[in-house]
Amino acid sequence: MQKKKTTTHCETMSTKVVLLSTLVKRLERYQGESAVLYGIKSVKTVTVVTFLNQQKVDENYENILPAGLERIGAFGRCLDEINSDNYIALVQDEKLKCFIQDQDNSFKSVPFKTVDDVDLATLRVETKISVQLSSKEEETDRFLEKLLDKINSDAASFVMDKSKVALLCSGDKSVLYGAPQDVNVEELTTYMQDEDEEENIKTKKKSVVKDVALLFKLYWSTVLEDASSDVPQCAPLIYHQRRNSHVLCLSFDTISVVPWSDPAENIGPILCMAITRQLKLMMEDLKEQLRHTSIRNIEIPKIFHFHPESLQHYVTLVYHPQRSDQSLESYRKDVHQWFDLPLDRPIFKRGNKHWFAIDYENSRQLINTHMGLNLTGSNVSLVQGRYAYHHYMQDNFDDNGWGCAYRSLQSIISWFRLQGYTERTVPTHHEIQQCLVDIGDKPPSFVKSRQWIGSMEVSFCLQTLLGVESTILNVSSGAEMSSKAQQIAEHFRTHGTPIMIGGGVLAHTIIGIDFKEDMADARFLILDPHYTGGEDLRVIQNKGWCNWKPSSFWKADSFYNMCLPLRPTSF
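Note that the coordinates shown come from a computational prediction; the quantities given were computed from them, not determined experimentally.

Reading guide: rules and limits
- Residues numbered from 1 in each chain as written.
- Predicted model: local features only at pLDDT ≥ 70, side-chain atom pairs only at ≥ 80, totals over all residues.
- Heavy atoms only, no water.
- Helix = DSSP H or I, 4+ residues; strand = E, 2+ residues; numbered from the N terminus.
- Buried < 20%, exposed > 50% of the residue type's maximum accessible area, 1.4 Å probe, protein only.
- Contact = heavy atoms within 4.5 Å.
- Areas by Shrake-Rupley, 256 points an atom, 1.4 Å probe, with all protein chains shown as cover.
- Core = buried A, V, L, I, M, F, W, Y, C linked by side-chain atoms within 4.5 Å.
- Phe/Tyr/Trp six-rings, centres within 6.5 Å; stacked < 30°, edge-to-face > 60°.
- Lys NZ or Arg CZ within 6 Å of the ring centre and 35° of its normal.
- Pairing = 2+ DSSP bridges.
- Axes fitted to C-alpha atoms, helices over the stretch in contact; angles between N-to-C directions.

A. Geometry of the overall build of the chain. What the chain contains, in helices and strands, is 12 helices and 23 strands. Out of the 571 residues belonging to the chain, those deemed buried represent 49%. Of the contacts made within the chain by residues no fewer than 6 positions apart, 67% connect residues no fewer than 24 positions apart. Of the roughly 29,300 Å² of accessible surface on the chain, a fraction of 48% belongs to carbon and sulfur atoms.

B. Highlighting the nonpolar core. Of all hydrophobic cores here, the largest spans 68 residues; its most connected members are Leu133, Phe158, Leu188, Phe216, Leu279, Phe339 and Phe348. Here this core takes 12 residues from helix α5 (residues 267-290), the largest share from any one element. Not counting the four nearest positions on each side in its chain, Leu188 is found in contact with Met160, Val165, Leu176, Ala179, Val183, Ala264 and Ile267.

C. Highlighting the packing of aromatic side chains. Counted under the stated rule, the structure contains 20 aromatic pairs. The rings of Phe304, Phe306, Tyr319, Tyr331, Trp338, Phe339 and Phe348 are connected pair by pair, giving a single aromatic cluster. We note Lys41 situated over the ring of Tyr87; from NZ or CZ to the ring centre the distance is 3.6 Å. Directly above the aromatic system of Trp220 lies the positively charged group of Lys150, at a separation of 4.5 Å from the ring centroid.

D. A look at the sheet that holds strand β7 (residues 107-110). Taken in spatial order, the eight strands make up an open sheet running β7-β6-β5-β4-β2-β3-β1-β8, and their pairing is mixed. If you trace the sheet from one side to the other, it starts and ends with β7 and β8 (113-115), each paired once. Averaged over all pairs of adjacent strands, the angle between strand axes in this sheet comes to 35°, irrespective of strand direction. For strand β5 (residues 88-92) and strand β6 (residues 96-101), the ladder comprises five bridges, and the chain directions are antiparallel. Note on β6: the bridge partner recorded for Gln92 is Leu96.

E. Examining the side chain of Thr140 more closely. Of note, Thr140 is situated in helix α3 (residues 137-151). Sequence-distant contacts of Thr140, defined by excluding residues within four places in its chain, comprise Gln132, Leu133, Ser134, Met283, Lys287 and Leu290.

F. Local environment of the pairing of strand β2 (residues 34-41). Summarising burial for β2: six of the eight residues are buried, a large majority. As paired strands, β2 and strand β4 (residues 70-76) are joined by six bridges and run antiparallel to one another. Counterpart to Leu37 in the pairing with β4 is Gly73. By the bridge criterion, seven bridges tie β2 to strand β3 (residues 45-53) in an arrangement that is antiparallel. Among the inter-strand pairings, Lys41 is bridged to a residue of β3, identified as Val46. Between the antiparallel neighbours β2 and β3 lie three residues.

Dropping the structure here:
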């Protein structure tokens, strides 16, 4: 019989503890008495990533976390109050202290390191699984129990996308096919290839791209490995039993995280756990629907992944497709409280979902065109979150020479949409004009005209269409723009929204600023709506349509008005 491995004092002292900086900041303001810690425990390092508070007991808490983040400890105000079944203990006294459990079940104080991010591989499984529901909840629970047993048996296998690598689950490990058994996760990515690659991938030296998720497909094993050829052939005996049940085909999109240096053979069971967690989330929604509607009227819930900057890890939520953001407010409030997040931003609204590489590729407009530029400097402040780049001639609409402010407004509204503040679609030029007519700012003849708008009209539209207030800044000359650098930087730090600026006959969007406090000069990161080409990021950046501009970019003989939209306080 294999002996249970214990942690020796020497191992305890050699184990490195890493805390994510967002976790530390949250714990500093946390008012609760205790919390559950989640993270990743590898051979020589324990990384504590997040916590969930313990104000009420709910076994579904951790199902919203990515697989790979497991319960590894507890937080408390006093070490004596933390149970010995926790490996890590964080205690907030005058300052945060860290302890690791030793072989004698006592906690030993250890140092820890704080980091801003953790280099983890993101693993996704996209698959469909049929689920049987019954009008009787106990029967549904039995169906679910059998399905969970199947998922966590050795019947599951996974094939990595764009590769010939398969992982067959076997106990707490995976058997690898198409790659050596001893490769780690990072090395596993070198076995990926495009469909048109015919050369043996093992002979190629490929770089590892770490900012994309590794995609896997789920397959079920249908033949037992220990099946003997001399097993007598048996005819199946079929029973037909009438039940008030219904079969749904659920679409799964799971998230797991693992260190790049982990053995690849470890990830099979983690992928199974990801499916288990998501199935439990979806079944809770389905059973809640059954309590209020007939089995034939059940709607399949939809999966949403989030990656809040305030957490720096994934959170997966299941939302009913027919429910509005407002009707989900109570549930979203619970999720905020589980993570002890303030109720001042719509972190878990549908519009704020995380974007993966494929989402950026499928977007009609380019998203965050400043990414990839050199964003370092003396005192840099940037737009927060995501925005879409709207410019001349998009959507087969010719606004060349007059629509720059309209396009700037569209980029700003896209920001509010992509941050979850509104479900409203980005308005067209005609809708913007009609809005200004409806509020009495323009005459009816303004609609379908080619007349310009300025920063005041932009602020009117934001207030009318979104309920967003704005601050207006103005300078009598472009030479004075650097004098507003401090106010602009504070706006980006506090509100983080793009700024529309109009002067002379031109309008632009400011999405960042860099300045030295002891010098009367500044650089401005500009999103230029006057671009008329296709969605080619290289051209847009290299030709200066999105790039840093010196203060001399603003004309000394023109006055400028700036519209600074204010971020609403809502969740």
